[in-house]
Amino acid sequence: YPAYLAVAKMQKERAAMTSMHYALEAEKVHERLYLEAKKSVDNGEDYDIGDVHICDVCGFTAIDGAPDVCPICGAKRERFTVFTK
Ligand SMILES: [Zn+2]
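Note that the structure is a prediction, hence the values are computed from the model and not measured.

Turning next to the coordination of the zinc ion. Around the zinc ion, the protein supplies Cys55 (SG), Cys58 (SG), Cys70 (SG) and Cys73 (SG) as donor atoms, at distances of 2.3 to 2.4 Å. Of note is the zinc ion, whose 4 donor atoms meet at the metal with angles of 105 to 115° in an arrangement that counts as tetrahedral.

For the rest of this paragraph, the subject is the pattern of salt bridges. The tally for this structure, following the rule as stated, stands at 1 salt bridge. Residues Arg77 and Asp68 are paired through a salt bridge, measuring 2.7 Å at the closest nitrogen-oxygen approach. Taking the relative accessible area as the measure of exposure, Arg77 reaches 39% and is therefore partly exposed. Classification of Asp68 as exposed rests on a relative accessible area of 57%.

Definitions and cut-offs
- Residues numbered from 1 in each chain as written.
- Predicted model: local features only at pLDDT ≥ 70, side-chain atom pairs only at ≥ 80, totals over all residues.
- Heavy atoms only, no water.
- Donors = N, O, S within 2.8 Å, 3.2 Å for Na, K, Ca; no water.
- Tetrahedral: all angles 85-135°; square planar, octahedral: opposite > 155°, others 65-115°.
- Salt bridge = Lys/Arg side-chain N within 4 Å of Asp/Glu carboxyl O.
- Buried < 20%, exposed > 50% of the residue type's maximum accessible area, 1.4 Å probe, protein only.

These values are about where atoms sit, not about what they do.
This is the structure in structure tokens:
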């Protein structure tokens, strides 16, 4: 999944400048993505991750479309970067 690889790369680059709180919040989303993917695989389904929106400020990752305002740091939608498959 190219989009997911891009997410991993961006998170790595931002890790140094991201506060512990932000990193933990972003990590929860990644854990959810992983669990959903695993569940689909267990059920014999292909996991379709769709477009991934990542907050440019804190690294928050949204998979159901970018929110109007980042729930973690409050950045506006324009600050989100979109990764498509
Ligand atoms: Zn944010």
